[in-house]
Amino acid sequence: MTVLEASERFGLFTKEDAPVPLTGVKVEGTITGRTAKVTLRQRFENREGKPIEAVYKFPLPENSSVCGFTVATGDRVLRGRVEEREQAFREYDEALAQGHGAFLLDEERPNIFTLSVGNVKPRHAVDIEVAYVTTLETNGAEVRFMLPTTISPRYLPADTPLQGGIPVGEFINPELRLNVPYGLQLYLDVLGRKDIAGIECPSHSVRTSYTDDAVVVELSNDSTAMDHDFVLTITHAKGFESRGYSFTDGGHTYVQVDFSPRREEALPDFKDYQLGPPDRPEVIFLLDCSGSMGGSSIAQAKKALEVFLRGVPEGTLFNVYRFGSNFHKLFPGSVDYSQETLATVLKLLAPVDADLGGTELLSPLRDIYSTPVAEGFRRNIILLTDGQVGNEADILKLAQGDSRTRLFTVGIGFGPNEYLVKKLAALTGGATESVAPGERIEPKVLRLFSKVTQGVLEDLEVDWGAPAEQAPLRAVVHEGECVSLLARLAGGAAPEVVKLNGWMDGTNPEWAVAVKRVEGAEVALPLLWARARISDLEEGVVVGGGSRQAGRKEKARDGEIVALSKRYGLLSRATSFITVESRVDAEKSMGEIELRKVPSVLTRGWGGMQVADAMLSFQADAMAAPYVAQAALSDSLERHMVHALPSFTLQRESESSPVDPLSELLSMQAAAGGFVVADDAQAVAVGLDVPALRQAASKVGRRGAASLKLVTTAVILALLGERFASRRDEWFAVTEKSRKWFESEVKRLKPAIDGKPLEAWAKEYVKTLPAVDAG
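Our subject in this report is the structure included herewith. (Residues numbered from 1 in each chain as written. Predicted model: local features only at pLDDT ≥ 70, side-chain atom pairs only at ≥ 80, totals over all residues. Heavy atoms only, no water.)

A short note on the sheet that holds strand S15 (residues 206–210)
So, step 1. Sheet architecture is open: eight strands sit in the order S5-S4-S9-S2-S1-S13-S16-S15, paired in mixed fashion. The sheet is open, and its two borders are formed by strand S5 (76–79) and S15, each paired with just one other strand. Looking at each pair of strands side by side, their axes are set apart by 15° on average, direction ignored.
So, step 2. Where strand S4 (residues 65–73) lies against strand S9 (residues 125–135), eight bridges are found, and the strand directions are antiparallel. Across the sheet, Ala72 pairs through a bridge with Asp127, a residue of S9. (Pairing = 2+ DSSP bridges. Helix = DSSP H or I, 4+ residues; strand = E, 2+ residues; numbered from the N terminus. Axes fitted to C-alpha atoms, helices over the stretch in contact; angles between N-to-C directions.)

As for unusual backbone geometry
So, step 1. Cis geometry marks the peptide bond from Ala471 to Pro472, where omega comes out at -5°.
So, step 2. For Pro472, the position within the fold is in the loop between strand S29 (468–471) and strand S30 (477–478).
So, step 3. In the Ramachandran plot, Asp459 falls in the positive-phi region, its phi being about 50° despite a non-glycine side chain.
So, step 4. A relative accessible area of 59% places Asp459 in the exposed class.
So, step 5. Phi is positive for Lys750, which is not a glycine, with a value near 50°. (Buried < 20%, exposed > 50% of the residue type's maximum accessible area, 1.4 Å probe, protein only.)

A few points about the pattern of salt bridges
Opposite charge on two side chains permits pairing when their charged atoms draw close.
So, step 1. Considering all chains together, one arrives at 41 salt bridges under this definition.
So, step 2. Two residues, Lys422 and Glu137, come together in a salt bridge whose shortest N-O distance is 3.4 Å. Placement of the pair is Lys422 in helix H8 (residues 418–428) and Glu137 in strand S10 (residues 137–139), with a sequence separation of 285 residues. The residues Lys422 and Glu137 share a single accessibility class, namely buried.
So, step 3. The residue Glu433 makes a salt bridge to Arg447 at a minimum N-O spacing of 2.8 Å. (Salt bridge = Lys/Arg side-chain N within 4 Å of Asp/Glu carboxyl O.)

The following block contains the structure:
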C-alpha cells in the first residue's frame, strides 16, 4: 500500500486525492434544567489551487430546533435565511454559476443534515455556525444530554425507490473512513449548580470546573475523535415536578407544561371506574442480529433481552424474533410463558450473534402486524436495535396503523439511530431507552420493563384555558415520566393554570399545573412549539389519532410546514437555510468548481470492528459484504469496509462488561415466580452462601428443591430491600410475580427457621452477608 493510498483510506484525503477541507468542529452549549441551547462551529479550508465545493453530512439530536445558520468568510459575516427547499437549491446553484459564494443547509432526516459550502476560493477559509435548541430526555431526577458525532451506515432494502432519480443512500450515508484529520472540541455550561447532585459522562473523558452558578464541562483532550456519541447525564437533587411557563411574543402566547403525572398529585375528586378485567399482555421481542450490531451491541442486547424474559408475568403470550437480511421466530406463533418455554428460549438464544446481514426491520414487523391482536389481549413489541436503517418512513407508517400494539425500543451502541427508536415509541404509545457503551444497561432495561407492565396515561386531554394549537398533538405519558407539552394561543392573555386528564388503569385522574410567565429575548418557547408542530405535520399526526392524513392534500401540509419554518426561522424537511456571498467581478470564481465530499469517521465498534490506537486495527469479515451490497451504500463504504487492510492486525471488539449484582440476582428468577440457584458460582458472585441456604432450607419443614426455592426467594427479596433500596424503581416491577408467589407460599405454609418466621429470619440473615457493590 502506498503512502497516498493509506492516507486516503484513513481519511486524510478525499477519494479524489485532495485534502479534506473540514479542519475542526467546536461545540458550545448551555444546559438549563431540561433545555439545551447549542452552537456548532465548523471550519473549512481550501488548501488547493482551485475553487471547491465542500459537502459535509453530519448528525444532530432528532428533536433539535435548528434556528441559526451563520457564515464567516474573510471579514464578512452572513446570516442565513429559511427558504422553501427547491427555491433554496435554485438560489444556491445560480449563485455558484455566477461566480459568487453560496452556503446551504438541508435536513435529510430529523437527525441527518447536509451542509454545502460552495465556491470556496483557493487558500481561503470559511467558518460555519449552526445553532439549535432542544428539550432533553428526562427520567426522574436525571437529565440526559446527547450529541451525535457521526452517522452510522444506514441500511436500505434493495427495493427502496429512488428519490428524485437518485439512490436514497446518497442523501443519508456520508463517505466513511477509519480516521479523519478533524476532531471535536466541546464546552458546556450546566446552569443551576446548587441544584445538581452529580454529573457523569459515560462516553468520554471530561474535566469539570465551577463558576458561581454553573458546572463547566469540557473534553479532556484538545481534539477528540468523532466516532461515537457524546453522552452527559446530570442528576439533580430533586426530580422534576409538573410546572408550566408562558411567554408572549408577536401577538401570540406560548405555553409549555412539563408534565410528570403522579397519582398522589391528582385532584382529589377523580373517579375510579370499573371497566372489567384488563387486557392480558402479549409480548413480542424483536432482536436485531444484523451485522452492524456486532461486538458490544449484540452482547448488550442479549443481556437486556434476558432481563426482560425473566420478568415476564404469568399469563403472558410471548415470542422472540431475530432479524437481519431475513428473520426467524422461535415459535410459529406466540405461546404461553412458562418455565419450559422460557428455558427453551434461553437455550436457543445462547449462541445467537450479529450474523444475519443487513437490517431488514420492515419484514419482521409486517409479519407481526399481519396477525391481528387476539381478543382480550394487548400487544407490546420490544425492539432491541441500533436502528441503522434508512427506510424510517415506511416503518413508522406501518407502526402507526394498529392502536392495540405498542412499541418499546432500546437503542444500543456507539451511534444508534435516535430518530427511529424514539419516534417508533412516541407514535405507538410505548417508551424508549438509549444505552451507550460505558452506561449500565440494567437500570435502563428495568426502567423500561416497568413502563411495559404498568399503566400509561392514555387519551390525554389538555385544557389550556382558551382555544390553543397544541404540539405535540399525541403525547405518550408514563407515570413518573416527564414530558413537555406546548401550545400557541392567540393574543397576550396567558392561563394561570393548565388542567390535564386521561385514563390510567381504569381511573380518570385530573391534574392542575400552575403556569408562570417568563420574559426575555432568549426564551425558546416559540421555537420549541414551532418545531413540535412541524414534527406533527411531517409525521402526519392529526387530532383524533396517529393515522396518515387521508383528507388533506400533501401540498397543503407542506405549505404549512414552509410557512411555519420561515416565520420562526427553523429548518425542516421542506425548507433549507441559504445565504449568498455576493462578489464583485474581480473576486468571482468562474471556472470549474471541484466537488469535495467530506468523509466521516466510521462509528466506533460498528459491526464489531475495532480501530485500535485510532486507526491501526480493522476487521472486515463476511458480515460486512451483504450489508454493503444490499444497502447500496456509497462507493466509499464499499471501498473502505469490504476490502481488508493488508498490513494491519484484525481485532474483534471486546464484549466483556462489568458484572452488575442486581442483574445477576434477577437472572435467578423463575418463570412462575420465586428465585432458584441454578449456578453456585453465580450465587457466590453476588454474595450468597449456597451451603448456608441449603442448611436453612432443611429447617423449614419442607424437603428438596421446593424448600430451597422458598428460602432463596426470601433471602433475595430481603437482599433487594436491604442492599438495593436505592434502585427500587428498577427491580420492583420485574419481581412482582416473585413477591406474589412468596406471599402465597408464606400464607399457605407459614414457614419458620429456628422459631422465627421465614421473612423475619431472612431480613436478619442478609445483614450478615458480605457487602457487594450495589451499583
